[in-house]
Amino acid sequence: MRLLMLGGTEFVGRAITEDALERGWEVTVFHRGHHAPPPGTSALHGDRTAPGGLAALAEGEWDLVVDTWGGAPTAVRDSARLLAGRAGGYVYISSRSVYTYPAPAGLAEDGPLVDGSPDADSTAYAEDKRGGELAALDAFGDRALLVRAGLILGPYENVGRLPWWLNRTARGGPFVAPGSSDLPLQYIDVRDLAHWTLDAAEAGRGGAYNLASPAGHATMGSFLEACVAATGAVAEPRWIPAAAIEEAGIEPWTELPVWIPEGEMTDYMFGADVTKALEAGLRCRPVQETVADTWTWLQSLGGVAPHRPDRPEKGISAEREAALLGL
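Counting starts from 1 at the beginning of each chain's written sequence and moves along it residue by residue. Where totals are concerned, whole chains, interfaces and linings use all residues; where local detail is concerned, this predicted model gives features only for residues with pLDDT of at least 70, and gives and counts side-chain atom pairs only at 80 or more. Computation of side-chain values: all heavy atoms of the structure, hydrogens and water removed.

Here we look at the pairing of strand β1 (residues 2-6)
Summary of the burial criterion: residues with accessible area below 20% of their type's maximum are buried, those above 50% are exposed, and those between are partly exposed, where the area comes from a 1.4 Å probe applied to protein chains only. Segments assigned H or I by DSSP are reported as helices when at least four residues long, segments assigned E as strands when at least two residues long, and all are numbered from the N terminus. The element β1 is largely enclosed, with a buried count of four among its five residues. Of the strand pairs in this sheet, β1 and strand β2 (residues 26-31) are connected by five bridges, and their pairing is parallel. Opposite L4, over in β2, you have T28 as the bridge partner. At least two bridges found by DSSP between two strands are what make those strands a pair. With four bridges connecting them, β1 and strand β4 (residues 62-67) associate as parallel partners. Note that in β4 the partner of L4 across the bridge is V65.

Here we look at the pattern of salt bridges
Take a side-chain nitrogen of Lys or Arg and a carboxyl oxygen of Asp or Glu: if they are within 4 Å of each other, that pair is a salt bridge. For the coordinates displayed, the defined rule picks out 19 salt bridges. As a salt-bridge pair, D63 and R2 come within 3.3 Å of each other at their nearest N and O atoms. Of this pair, D63 sits in strand β4 while R2 sits in strand β1, and the two are 61 residues apart along the sequence. Taking relative accessible area as the criterion, D63 reaches 28% and is therefore assigned partly exposed. For R2, a relative accessible area of 32% translates into the label partly exposed.

Observations concerning the layout of surface pockets
Looking at the largest pocket, its volume works out to about 1,600 Å³. Forming the walls of the largest pocket are 50 residues, and the residues nearest its centre are T68, G70, R308, D310 and R311. Of all the elements in the fold, those that place two or more residues in the lining of the largest pocket are α1 (11-22), β2, β5 (87-95), α3 (125-140), β7 (151-153) and α8 (264-270). Here the residues of the lining of the largest pocket sort into 18 nonpolar, 20 polar and 12 charged. Here the second largest pocket is characterised by a volume of approximately 190 Å³. Definitions used for this entry: grid spacing 1 Å over protein atoms alone; cavity, a set of points where a 1.4 Å probe fits but cannot get out; pocket, an open set with protein on both sides within 12 Å along at least 5 of 7 lines; lining residue, one with an atom within 4 Å of a point. Grid points are joined across faces, edges and corners, and a volume is the space filled by probe spheres set on the points. Residue polarity is assigned by list, with Asp, Glu, Lys and Arg as charged and Ala, Val, Leu, Ile, Met, Phe, Trp, Tyr, Cys and Pro as nonpolar; anything else, Gly included, falls into the polar class.

Observations concerning the packing of helix α6 (residues 220-231) against helix α10 (residues 287-300)
The N-to-C vectors of α6 and α10 enclose an angle of 40 degrees; their axes lie 9 Å apart at closest approach. The pairing of α6 with α10 is recorded here as oblique in orientation. As α6 packs across α10, the resulting crossing turns out to be right-handed. Residues S222, F223, A226, C227, A230 and T231 of α6 form the contact with α10, whose own contacting residues are V287, Q288, V291, A292 and W295. When grouped by side-chain class, the residues that make up the contact of α6 with α10 number eight nonpolar, three polar and no charged. In this analysis, axes come from line fits to C-alpha atoms, helices being fitted only over the stretch in contact, and the angle between any two N-to-C directions falls in the range 0 to 180 degrees. Each angle receives one of four descriptions, namely roughly parallel if under 35 degrees, roughly antiparallel if over 145, roughly perpendicular if within 65 to 115, and oblique otherwise. Crossing handedness is defined as follows: a turn of the near helix away from the far one that is anticlockwise and smaller than a right angle gives a left-handed crossing, while the clockwise case is right-handed. It only takes one pair of heavy atoms within 4.5 Å for two residues to be counted as in contact.

Brief notes about the packing of aromatic side chains
Ring pairs are drawn from Phe, Tyr and Trp, using the six-membered ring of Trp, whenever the two centres fall within 6.5 Å, and their geometry is named by plane angle: stacked under 30 degrees, edge-to-face over 60, tilted for the rest. Summed over all chains, the structure comprises seven aromatic pairs. On the basis of an interplanar angle of 40 degrees and a centroid distance of 5.0 Å, the ring pair of Y90 and F140 is categorised as tilted. You can see Y90 sitting in strand β5 and its partner F140 sitting in helix α3, a full 50 residues away along the chain. Judged on exposure class, the residue Y90 and its partner F140 are both buried. With a centroid separation of 6.1 Å and an interplanar angle of 75 degrees, the aromatic rings of Y156 and W297 are classed as edge-to-face. Of the two residues, Y156 is situated in the loop between β7 and α4 (161-170) and W297 in helix α10; the sequence distance between them amounts to 141 residues. A relative accessible area of 23% means that Y156 is categorised as partly exposed.

Comments concerning unusual backbone geometry
Note the cis peptide between Y101 and P102, where omega equals 0 degrees. Mapping P102 onto the fold places it in the loop between β5 and α3. One non-glycine residue, F11, adopts positive backbone phi at about 35 degrees. With relative accessibility at 7%, the residue F11 sits in the buried group. Phi at W253 takes a positive value of approximately 75 degrees, unusual for a residue other than glycine. Structurally, the position occupied by W253 is in strand β14 (residues 252-253).

The following block contains the structure:
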């Protein structure tokens, strides 16, 4: 298989690139040149947001294109149109954010969607991803595979969720464990996403798939226990009720990454119906493996994970945490 990876140097793109290389595929990475692509790939350089930025893709044929773009849908539109006659299939890594909010737990791929346009400039994340989906469909039709990922964790994370929890538990001592320990989580290990995506594409699958673990594959308790175990720290989770966290003005999801108080938002974020992907071969590794492997990777970087400049920093400050713990 000849794979053209649009991106391929960070997080999801890198995991997909490495999985393809492990299969013995021939991988071409198209990127801006800001980060080194994985060894064993061929590199083409360009900027999808600049005039003439796709010039390096004017020639060449591939069996598959994978695109992780999350900005203006016009970038997906232009790439997909350019490659439609020279690529067998097009995978667009989308997001479950394309579903309208609120949405009940158990929502499948036929749920209501936000509006989007392949011709739009960047507006908001959900609308941008939906516009990207439509751009892929317009150019490739049933040869387009739309991967609607949930929360993504694992090695190479450049958003700051799991790396923050690992660094916090590694410091030891009592730490804020938010809400209830039995809160069901739903997420996808980036390597499981990569493996399923390439399997599905190789099998010729098209259309939309929710891609995340079954709801409750892990809980907030098992997730934090895995963080403590992986770091080997003497750390004590102290479970703080959601009401106390709200009263203190502490933001879920950002100051306390991964966590959302139970209610409408957890139904939306952690309640997807993933039956279709499971029936198509999705396998999800245990949370302990995801966390331990991420810690190994994070240690190799000296504990400082890369961070996307377009995403806010994650984690509660030591001062605010101490106040919440009453220390």
